[in-house]
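Spelled out from the first residue to the last, the chains are:
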Amino acid sequence: MSEIILRNVCKQFDKEHYAVKDFNLDIQDREFIIFVGPSGCGKSTTLRMIAGLEDISDGELWIDGELCNYYEPKDRGLSMVFQNYALYPNMTVYGNLAYALKIRKVPKKEIDERVHKVAKTLEIEHLLDRKPAALSGGQKQRVAIGSAIIRKPKAFLMDEPLSNLDAKLRAQMRVELAKLHKDLATTIIYVTHDQTEAMTLGTRIVVMKDGVVQQVEAPIQLYDNPANLFVAGFIGSPSMNFFDAYVEEEKGKTVLYLGDQSGSRKVYLKGEKAEIARARELHKKVILGIRPEDIYEQKDAEERGILEDTVGVEETITAREMLGAEVILYFDKKGKSHAVKLSPENQTQTGEKIRFYFDPSRIHIFDQGTEENIFYREEIR
Ligand SMILES: Nc1ncnc2c1ncn2[C@@H]1O[C@H](COP(=O)(O)OP(=O)(O)OP(=O)(O)O)[C@@H](O)[C@H]1O
Ligand SMILES: [Mg+2]
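Figured I'd write up the structure that's included with this text. (Residues numbered from 1 in each chain as written. Chains lettered and ligands numbered in written order. Predicted model: local features only at pLDDT ≥ 70, side-chain atom pairs only at ≥ 80, totals over all residues. Heavy atoms only, no water.)

**Describing the overall build of the protein**
And then number 1: Each helix and strand counted, the protein has 10 helices and 21 strands in total.
And then number 2: Dimensions along the principal axes, computed over C-alpha positions, put the protein at roughly 80 × 45 × 35 Å.
And then number 3: For the protein, with 381 residues in total, the buried portion stands at 50%.
And then number 4: Taking the contacts inside the protein whose residues are at least 6 apart along the sequence as the reference set, 65% of them involve residues at least 24 apart.
And then number 5: Carbon and sulfur atoms provide 48% of the accessible area of the protein, an area that totals close to 18500 Å².
And then number 6: Counting 54 positive and 60 negative side-chain charges, the protein places the averaged centre of each group 5 Å from the other. (Helix = DSSP H or I, 4+ residues; strand = E, 2+ residues; numbered from the N terminus. Buried < 20%, exposed > 50% of the residue type's maximum accessible area, 1.4 Å probe, protein only. Contact = heavy atoms within 4.5 Å. Areas by Shrake-Rupley, 256 points an atom, 1.4 Å probe, with all protein chains shown as cover. Lys, Arg positive; Asp, Glu negative; His and termini not counted. Charge placed at Lys NZ, Arg CZ, Asp CG, Glu CD.)

As structure tokens, then:
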């Protein structure tokens, strides 16, 4: 069992600034919680406050029903894995794994059993006699994770544990971490910069900006239902495209004029989206958001039956990325780069023109002032 609750947790390194402000989160037993956000937004600081490596300036930290603000790190029952493995260079892999148990005076026989069990789980049994210097990055990472799990902690705290690995190893370790989470059936709190790690590992993702939590949601809900402009732009790669637009009315229909109010390029909204947009933003300038995979070329737009709802926008392609399973075309508008994900058969080359069609049902609208997503609904969970 491990339930971790943060109540209005704050961190101030100096009087004026908050590194973390009013952090609230109820972490259930066995959750895989991900902290994401730009560099300096307070991810590591929050994790370190939970671990006890950093004092909590204000607020409360509860672990399994106990107020833990003033508990020593070792008394919190948590295990932390850092980005730079933190192995003892003079000890063998066996020694590294056994160390935490040795200082806790666990009997030798039990240590031996537990070391072998963990080594088997992580497939490092054949490395037990080696010193860290003779290990690859991925192997070191496994040993670091091994020495964290061998203590059977209530929860794991991991700060970008895979960021030193190359792309292939990362992908491999990611799958293994997911398996490990299932096998160990414990809570994990995990800091990452990596979109794929966040989306695939997390039961819930916490998006932070400037020390403040922006949104906490399961990955797919976060992706489909971002609360504001920041979250919408941060989650997803390539990121969501944003355009200036105006909400107008034409013969009873709600329509978005792209770029200016001339109506030469427009998208008709339907159903609830049309109603909300009209009620909240009629005749106002807004920010239209649409993901690269929700924009289509003419043939696909026709097949999806969205052709009559949008007037295509013709753009000149500035870059083309062929990724095998898909092709990404880029175009610029007002100095901002935009991306469109199409099937790899599309042959449009850099410098050529192509007409794009937006799927109106996948459009997000952000208020110009508050930057809130006007379609965001808290009850979608
Ligand atoms: N010991 C410290 N003294 C003063 N300021 C600090 C200290 N540690 C962190 N900060 C500041 O607190 C803020 C949050 O830092 P933190 O390390 O939590 O960011 P992060 O989200 O983990 O960033 P990154 O993705 O770069 O690791 C930053 O502005 C940072 O400069
Ligand atoms: Mg950090």
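**Considerations on the site of ligand 1**
And then number 1: Around ligand 1 sit Phe-13, Ala-19, Ser-39, Gly-40, Cys-41, Gly-42, Lys-43, Ser-44, Thr-45, Glu-160 and His-193, and that is every residue in its neighbourhood.
And then number 2: Take Gly-42: an N or O atom from its main chain is 3.0 Å from an oxygen atom of ligand 1.
And then number 3: A distance of 2.7 Å separates an oxygen atom of ligand 1 from a polar atom in the side chain of Lys-43.
And then number 4: Grouping the amino acids of the shell around ligand 1 by side-chain chemistry returns 3 nonpolar, 6 polar and 2 charged. (Near = heavy atom within 4 Å. Polar contact = N/O pair within 3.5 Å; in protein donor to acceptor, adjacent residues only side chain to side chain. Nonpolar A, V, L, I, M, F, W, Y, C, P; charged D, E, K, R; others polar.)

**Observations regarding the nonpolar core**
And then number 1: Within the largest apolar cluster, 45 residues are counted, with the highest numbers of intra-cluster contacts made by Ile-34, Leu-97, Ile-124, Ile-145, Leu-177, Tyr-190 and Val-207.
And then number 2: Here the element with the most residues in this core is helix α4 (residues 137-149); it accounts for 5 residues.
And then number 3: Setting aside chain neighbours within four positions, we find Val-207 in contact with Val-36, Val-212, Val-213, Gln-214, Gln-215, Leu-222, Phe-230, Val-231, Phe-234 and Ile-235. (Core = buried A, V, L, I, M, F, W, Y, C linked by side-chain atoms within 4.5 Å.)

**Focus on the pattern of salt bridges**
And then number 1: Counted by the stated rule, this structure contains 23 salt bridges.
And then number 2: The residue Lys-11 makes a salt bridge to Glu-54 at a minimum N-O spacing of 4.0 Å. A residue pair is termed long-range when its members are at least 10 positions apart, and Lys-11 in strand β1 (residues 4-11) and Glu-54 in the loop between α1 (43-51) and β4 (58-63) qualify at 43 residues.
And then number 3: Among the residues examined, Lys-11 registers a relative accessible area of 7% and is labelled buried.
And then number 4: Within this structure, Lys-11, Arg-48 and Glu-54 form a network of salt bridges that share partners. (Salt bridge = Lys/Arg side-chain N within 4 Å of Asp/Glu carboxyl O.)

**Things to note about the sheet that holds strand β19 (residues 336-342)**
And then number 1: Strand order in the open sheet formed by 3 strands is β17-β18-β19, with antiparallel pairing between adjacent strands. Each of the sheet's edge strands pairs with one partner strand only, and the pair in question is β17 (319-322) and β19. The mean angle between the axes of side-by-side strands here comes to 20°, regardless of whether they run parallel or antiparallel. (Pairing = 2+ DSSP bridges. Axes fitted to C-alpha atoms, helices over the stretch in contact; angles between N-to-C directions.)

**Some remarks on the packing of aromatic side chains**
Ring pairs (aromatic) are described by centroid distance and by the angle formed between their planes.
And then number 1: Within this structure, the stated rule accounts for 8 aromatic pairs.
And then number 2: Between Phe-23 and Phe-35, the ring centres sit 5.5 Å apart and the planes meet at 55°, which makes this aromatic pair tilted. One end of the pair, Phe-23, is in strand β2 (residues 20-27); the other, Phe-35, is in strand β3 (residues 32-36), and 12 residues separate them in sequence. In this pair, the class of Phe-23 matches that of Phe-35, namely buried.
And then number 3: Joined through ring pairs, the aromatic side chains of Phe-243, Phe-331, Phe-356 and Phe-358 make up one cluster.
And then number 4: Positioned above the aromatic ring of Tyr-18 is the side chain of Lys-21, whose terminal nitrogen or guanidinium carbon lies 5.1 Å from the ring centre.
And then number 5: Here the guanidinium or amino end of Arg-291 rests over the ring plane of Tyr-223, the centre of that ring lying 3.8 Å away. (Phe/Tyr/Trp six-rings, centres within 6.5 Å; stacked < 30°, edge-to-face > 60°. Lys NZ or Arg CZ within 6 Å of the ring centre and 35° of its normal.)

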